[in-house]
Amino acid sequence: MSSVLYDAQGPRAKRRNAVFTVVFLLALAALLWWVFSTLNDKGQLEWALWKPFFTGTEAWTTYIWPGLQNTLKAAVLAVVIALPLGAVLGIARLSDHAWVRVPAGVVVEFFRAIPVLVLMIFGLALFAEYTSVSSDDRPLYAVVTGLVLYNASVLAEIVRAGILSLPKGQSEAAMAIGLRKNQLMRLVLLPQAVTAMLPAIVSQLVVIVKDTALGGAVLTFPELLASANTMSGYYGANVIASFTVVAVLFIALNFALTSFASWLEARLRRSKRSTGAVLGVEDVDDINAAEVGGPHKTDGV
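Residues numbered from 1 in each chain as written. Predicted model: local features only at pLDDT ≥ 70, side-chain atom pairs only at ≥ 80, totals over all residues. Heavy atoms only, no water.

An unreviewed UniProt entry annotates the chain as Amino acid ABC transporter permease originating from Streptomyces werraensis. The record held by UniProt for the chain lists under Subcellular location (unreviewed entry) the comment "Cell membrane". Comment text from UniProt for the chain, heading Sequence similarities (unreviewed entry), reads "Belongs to the binding-protein-dependent transport system permease family." (UniProt positions renumbered as here; feature names shortened; annotations may be inferred.)

Here it is as structure tokens:
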């Protein structure tokens, strides 16, 4: 059966693909067996190293849960600040006024070009030198600052690209019926662009969650990955077991985030299906009246 994307496979192609599949599965099985046997020879699969995570709650309440709380705290704070800041910067880059567009572009390009780890280190030094933030709280402040500055600039580009991806007819039609530019942005462009931008935004949110680990590796921020180092030392160098548990938690956390985003995107797409309604002059009058808080008339054409 043929399609627009590919032609139907012939007998020779089917045999070749079957051979490639078998070879790949055998190579994968050999790799997994090598990893398993190596870990077993090194004693990393002994039950004593994995037992703390399956019998008792000490490992979870003492190390994993506090680390997970710090990871979520830093990620949530960064998301709450970076999302609106990125939206403002992205919209500012589309402004008709150069005094708004140029500074926003400079800020976005500057912070987007600097590695997030460098921003965290600079943030830690600034908080230590010029603020009265306690030494216990500085790592959290530095991690959030670095994540906000970097990811807000990336989100600004996502917002700008999402708005520019919409057909020009949307803007032209809205302006033709008398909508002002701020109304055009809020009522026409942004609601449509959000659905298109959602996958890219969620990908960036996943990056924020994972980048909190940089604070633990360099700034002694006690997040989830840093707790694995302490935990593995306490339980007899069970490095593989500790980092496997932490990796599974990161996978579960990010999978839940992407699953929620997929559900939200599908819901938004269903709710935004056109009803075929056409706006007339009276509808524009109502919109303008709601904007200015009173009746507003437009001249008919």
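From this point on, the discussion continues.
Participant: Please explain the nonpolar core as it appears in this structure.
Facilitator: Ranked by internal contacts, the top residues of the largest apolar core, which has 50 residues, are Phe 53, Val 143, Leu 147, Ile 163, Leu 189, Ile 208 and Met 231. Secondary-structure elements contributing two or more residues to this core are helix 2 (47-54), helix 3 (58-92), helix 5 (116-130), helix 6 (138-164), helix 8 (181-218), helix 9 (224-234) and helix 10 (239-271). Considering every element that reaches this core, the biggest residue donor is helix 6, with twelve residues. Ignoring sequence-local partners within four residues, the contact set of Leu 189 consists of Ile 163, Leu 166, Gln 170, Ser 171 and Leu 184. (Core = buried A, V, L, I, M, F, W, Y, C linked by side-chain atoms within 4.5 Å. Buried < 20%, exposed > 50% of the residue type's maximum accessible area, 1.4 Å probe, protein only. Helix = DSSP H or I, 4+ residues; strand = E, 2+ residues; numbered from the N terminus. Contact = heavy atoms within 4.5 Å.)

Participant: When you look at the side chain of Ser 153 in this model, what are you seeing that I'm missing?
Facilitator: By secondary structure assignment, the location of Ser 153 is in helix 6. A polar atom in the side chain of Ser 153 sits 2.5 Å from the backbone oxygen of Tyr 150. If sequence neighbours within four positions are ignored, Ser 153 has contacts with Val 108, Phe 111 and Arg 112. (Polar contact = N/O pair within 3.5 Å; in protein donor to acceptor, adjacent residues only side chain to side chain.)

Participant: Would you mind going over the pattern of salt bridges with me for this structure?
Facilitator: Where charged atoms from two side chains of opposite charge come close, those side chains can pair. Counted by the stated rule, this structure contains four salt bridges. Between Arg 93 and Glu 109 there is a salt bridge, with the nearest N and O atoms lying 3.2 Å from each other. Of the two residues, Arg 93 sits in the loop between helix 3 and helix 4 (98-112) while Glu 109 sits in helix 4, which places them 16 residues apart along the sequence. The closest approach of N and O atoms between Glu 157 and Arg 160, which form a salt bridge, is 3.0 Å. Of this pair, Glu 157 and Arg 160 both sit in helix 6, three residues apart, roughly one helical turn. Here Glu 157 falls in the buried class, since its relative accessible area comes to 15%. (Salt bridge = Lys/Arg side-chain N within 4 Å of Asp/Glu carboxyl O.)

Participant: Got a minute to help me understand the packing of helix 5 against helix 8 in this structure?
Facilitator: The relative placement of two packed helices comes down to the angle between their axes together with the axis-to-axis distance. Direction vectors running N to C along helix 5 and helix 8 enclose 50°, while the axes themselves pass 10 Å from each other. It follows from the interaxial angle that helix 5 and helix 8 lie oblique. Both helix 5 and helix 8 take part in a crossing whose hand is right-handed. Here Val 116, Leu 117, Met 120 and Ile 121 of helix 5 come into contact with helix 8, specifically with Asp 211, Leu 214, Gly 215 and Val 218. For the contact of helix 5 with helix 8, the class distribution of residues is six nonpolar, one polar and one charged. (Axes fitted to C-alpha atoms, helices over the stretch in contact; angles between N-to-C directions. Parallel < 35°, antiparallel > 145°, perpendicular 65-115°, else oblique. Left-handed = near helix turned anticlockwise from the far one by under 90°. Nonpolar A, V, L, I, M, F, W, Y, C, P; charged D, E, K, R; others polar.)

Participant: Where do I start with the UniProt feature "transmembrane region" (unreviewed entry) in the chain in this structure?
Facilitator: In the UniProt entry, the feature "transmembrane region" (unreviewed entry) is given for residues 18-36, 74-94, 106-128, 140-166, 187-209 and 239-264. Annotated as 93% helix and 0% strand, the span residues 140-166 places its first and last C-alpha atoms 38 Å apart. In residues 187-209, the share of helix is 100% and the share of strand is 0%. The end C-alpha atoms are 31 Å apart.

Participant: Looking at this structure, how should I read the layout of surface pockets?
Facilitator: Over the atoms, a rolling probe the size of a water molecule traces out where space has been left empty. Each pocket or cavity is described by its volume, and for the second largest pocket that value is around 250 Å³. What lines the second largest pocket is simply Leu 94, Asp 96, Ile 163, Leu 164, Leu 166, Pro 167, Lys 168, Ser 171, Lys 181, Leu 184, Met 185 and Leu 189. Per element, the largest residue contribution to the lining of the second largest pocket is four residues, and it comes from helix 8. Grouping the constituent residues of the lining of the second largest pocket by class yields eight nonpolar, one polar and three charged. (1 Å grid on protein atoms, 1.4 Å probe; cavity = no way out; pocket = protein on both sides within 12 Å on 5 of 7 lines; lining within 4 Å. Points joined across faces, edges and corners; volume = space filled by probe spheres on them.)

Participant: Could you clarify how one ought to interpret unusual backbone geometry in this entry?
Facilitator: Among all residues save glycine, negative phi is the norm, and among peptide bonds the norm is trans. With phi around 60°, Thr 220 is a residue other than glycine that occupies positive phi space. The class of Thr 220 is exposed, set by a relative accessible area of 64%.

Participant: Would you explain the packing of aromatic side chains in this entry?
Facilitator: The description of an aromatic ring pair rests on the distance of the ring centres and on the angle between the ring planes. Scanning all chains against the criterion turns up six aromatic pairs. Here the aromatic rings of Tyr 63 and Tyr 234 are separated by 5.8 Å at their centres, their planes lie at 45°, and the arrangement is tilted. In this pair, Tyr 63 sits in helix 3 while Tyr 234 sits in helix 9, placing the two residues 171 residues apart along the sequence. (Phe/Tyr/Trp six-rings, centres within 6.5 Å; stacked < 30°, edge-to-face > 60°.)

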